[in-house]
Amino acid sequence: MLWSELYGHDRQRKWFQTALANGRLATSFLFVGPSGIGKRQFALLLAQSLLCRASVPQSLDPCGQCEDCAQVQAATHPDLIQLAKPADKAFLPIELLIGDREKRMREGLCHDISLKPYGGRRKVAIVDDADTLNTEGANCLLKTLEEPPPDSILILLGTNLQRQLPTIRSRCQTIVFNALTTEQLAKVLVERGVVLEPVEAQNVAAQANGSFAAAAELADIETQEFRLAVLELLAGRPLACSQLVKCCASFADAAGKDTRLKRDRLKIGFRTCANLYRQITIKQFQQAGLAARATDSDRLMERHIDRAMAMWFGGSAAARECWNRCLTAMEQVDRNANQTALLEAWAFDLARLSYR
């Protein structure tokens, strides 16, 4: 794994190079930005750069060949700690931070990062799912954030600064990451073999909002069939609420018992609807002679926009409200809202707003 394999985020890399060159690298960082855009890969490359003893840390250029680099890539480096929220949990368990009741502060991240580096350079900890830190979990990190062990780096990964607790925000250096451009994402999809044809890669990238994870999902045949069914329902009048709920629920349930996958599938449905209402909003503004910046839309979406517009009675204000309602539903998924209640309330609201 080398920096050349990471697309985008050049500004962030240069920032770290400058901080290292000036000897002013902080100890606690909060990486925020949309899911699936490379924040975790950036954090791993930063860790590899800092732990690679075959290169100068200030260069931020790991060799990619030494034992340190191989161990980072294999997730077995003794000075690299990685945590993530278990799929069956709503919050990051405090046991991962400070150990279970029998071994409080003798296990977990806060204990492990305080140990002397085995390789003699640094300890680096990467914590996924910082959005799911509750007050108890954040309080467990306070001492580590306020009095960081020597030669340690702690990196928290989140999606939005507003979703972080004040105790975390105030004690970390925030690094904001932007979504990949459609061109960058299309190139990644082809190079990694997710999509074979450049034209199709461009089409998938246009609907993924800069997220590789979302693009990989959208390239799946089952997902494309689901999106087609959802768009068919949205373009019809009256809106068939029960069918829309059943369609989305069936797609989510097909993920099995993995709650994270089910939530991701629900968000695909909500994102598909949000993108359609966004396009309707833009076209409503354009028809009214108002300035509206065109946005990328995929071929599947384009085939349904004209039909949806012909059957749209709500006006631009209602389209914006439907768009916002879909975005709200995506946030509610992340807060572990009950699937059935969420889908029914969402579909009812869309039907109500469509005829205002």
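Only a predicted model underlies this, so the values are computations on that prediction, with no experimental measurement involved.

Participant: Run through the overall build of the chain, naming residues and quoting values.
Facilitator: Of regular secondary structure, the chain possesses 16 helices and five strands. The globule rule puts the C-alpha radius of gyration for 356 residues at 21 Å, and the 23 Å found for the chain is close to it. Projected onto its principal axes, the C-alpha positions of the chain cover 65 × 45 × 35 Å. Across the chain, every contact between residues at least 6 apart in sequence was considered, and the portion connecting residues at least 24 apart equals 71%. Positive and negative charge centroids in the chain, built from 44 and 40 side chains respectively, lie 4 Å apart.

Participant: Help me get a handle on the packing of helix 8 (residues 182-191) against helix 9 (residues 198-206), residues and values and all.
Facilitator: Where helix 8 meets helix 9, the closest approach of the two axes is 8 Å, and the angle between their N-to-C directions is 125°. It follows that helix 8 is oblique to helix 9 by the angle criterion. Seen from above, helix 8 lies across helix 9 with right-handed handedness. Across from Thr182, Glu183, Leu185, Ala186, Leu189 and Val190 in helix 8, the residues of helix 9 making contact are Pro198, Ala201, Gln202, Val204, Ala205 and Ala206. Tallied by class, the residues present in the contact of helix 8 with helix 9 amount to nine nonpolar, two polar and one charged.

Participant: I'd like a description of the packing of aromatic side chains, backed by residues and values.
Facilitator: Tallied over the entire structure, the rule returns eleven aromatic pairs. Ring centres of Trp15 and Phe16 lie 5.0 Å apart, and the angle between their planes is 85°; this geometry places the pair in the edge-to-face category. The class of Trp15 is partly exposed, set by a relative accessible area of 35%. Judged by relative accessible area, Phe16 falls into the buried class, the value being 0%. Arranged with centres 6.2 Å apart and planes meeting at 90°, the rings of Trp15 and Phe29 form a pair that is edge-to-face. Linking Trp15 in helix 1 (residues 10-21) with Phe29 in strand 1 (residues 28-32), this pair joins segments that are 14 residues apart in sequence. Residue classification places Phe29 among the buried positions, given a relative accessible area of 0%. Three or more aromatic residues joined by ring pairs form one cluster here, namely Trp3, Trp15, Phe16, Phe29, Phe31, Phe42 and Phe177. Here the basic side chain of Arg192 rests over the ring of Phe212, its NZ or CZ set 4.9 Å away from the ring centre.

Participant: How would you summarise the packing of helix 12 (residues 241-253) against helix 16 (residues 339-354) if you had to cite specific residues and measurements?
Facilitator: Two numbers describe how helix 12 lies on helix 16: the axes approach to 9 Å, and their chain directions differ by 145°. Once helix 12 is placed against helix 16, the crossing between them reads as right-handed. Contact residues: Cys241, Leu244, Val245, Cys248, Ala249, Ala252 and Asp253 in helix 12; Gln339, Leu343, Glu344, Trp346, Ala347, Phe348, Leu350 and Ala351 in helix 16. Partitioning the contact of helix 12 with helix 16 into residue classes produces twelve nonpolar, one polar and two charged.

Participant: Tell me about the pattern of salt bridges, and name the residues and values.
Facilitator: Inspection of the entire model under this criterion finds eleven salt bridges. Taking the shortest distance from any N to any O, the salt bridge between Lys103 and Glu107 comes out at 3.3 Å. Judged by relative accessible area, which is 37%, Lys103 ranks as partly exposed. The shortest N-O distance in the salt bridge between Glu146 and Arg171 comes to 2.8 Å. Of this pair, Glu146 sits in helix 6 (residues 135-146) while Arg171 sits in the loop between helix 7 (166-169) and strand 5 (173-176), placing them 25 residues apart in sequence. Glu146 sits in the partly exposed class, given a relative accessible area of 46%. Overlapping salt bridges bring together Arg325, Asp349 and Arg352 as one network.

Conventions and cut-offs
- Residues numbered from 1 in each chain as written.
- Predicted model: local features only at pLDDT ≥ 70, side-chain atom pairs only at ≥ 80, totals over all residues.
- Heavy atoms only, no water.
- Helix = DSSP H or I, 4+ residues; strand = E, 2+ residues; numbered from the N terminus.
- Rg over C-alpha atoms; globule rule 2.2 N^0.38 Å.
- Contact = heavy atoms within 4.5 Å.
- Lys, Arg positive; Asp, Glu negative; His and termini not counted.
- Charge placed at Lys NZ, Arg CZ, Asp CG, Glu CD.
- Axes fitted to C-alpha atoms, helices over the stretch in contact; angles between N-to-C directions.
- Parallel < 35°, antiparallel > 145°, perpendicular 65-115°, else oblique.
- Left-handed = near helix turned anticlockwise from the far one by under 90°.
- Nonpolar A, V, L, I, M, F, W, Y, C, P; charged D, E, K, R; others polar.
- Phe/Tyr/Trp six-rings, centres within 6.5 Å; stacked < 30°, edge-to-face > 60°.
- Buried < 20%, exposed > 50% of the residue type's maximum accessible area, 1.4 Å probe, protein only.
- Lys NZ or Arg CZ within 6 Å of the ring centre and 35° of its normal.
- Salt bridge = Lys/Arg side-chain N within 4 Å of Asp/Glu carboxyl O.

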